[in-house]
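Structural characterization, general
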Amino acid sequence: FEEVVGAVESVKGEKWKEFALRHGDLGRDMVLLLARECTGLTLREIGLAAGGIDYAAVSEAVKRMKIRQKSDHQLAILLGKSRQILKIET
């Protein structure tokens, strides 16, 4: 999980603590999606690692991000860069 956070911090140019709780910031949900894709952690474990988010909220965030990345070009670029850092093949 920490590697995923580091990758997103790198592409956003901000620290997790700065964007994780900011209303409307996609950084937190980017971390949740990428953690689901590459860590093997359960939704519950990802939620706990992200600061105590309920597993259902993690699930919804992951679903939203999968849909949004198809229509939001800037988000797709940031996720692509994060995936390169994490060596995730799409």
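Summarised in this report is the structure supplied together with it. (Residues numbered from 1 in each chain as written. Predicted model: local features only at pLDDT ≥ 70, side-chain atom pairs only at ≥ 80, totals over all residues. Heavy atoms only, no water.)

1. Observations regarding the nonpolar core
- In terms of nonpolar packing, the biggest core is built from 27 residues, with Phe1, Trp16, Met30, Val31, Leu32 and Leu34 touching the most fellow members.
- Of all the secondary-structure elements, those providing two or more residues to this core are helix H1 (2–12), helix H2 (16–19), helix H3 (27–38), helix H4 (43–49), helix H5 (55–71) and helix H6 (73–86).
- The biggest single contributor to this core is H3, with six residues.
- Beyond its immediate chain neighbours, meaning those up to four positions away, Leu32 contacts Ile46, Ala50, Ile53, Val58, Ala61 and Val62. (Core = buried A, V, L, I, M, F, W, Y, C linked by side-chain atoms within 4.5 Å. Buried < 20%, exposed > 50% of the residue type's maximum accessible area, 1.4 Å probe, protein only. Helix = DSSP H or I, 4+ residues; strand = E, 2+ residues; numbered from the N terminus. Contact = heavy atoms within 4.5 Å.)

2. Points about the environment of Val5
- Tracing the chain through its elements places Val5 in helix H1.
- Counting along the chain gives 55 residues from Val5 to Glu60, while the straight-line C-alpha distance between them is 19 Å.
- In contact with Val5, other than residues within four places in its own chain, are Trp16 and Val31.

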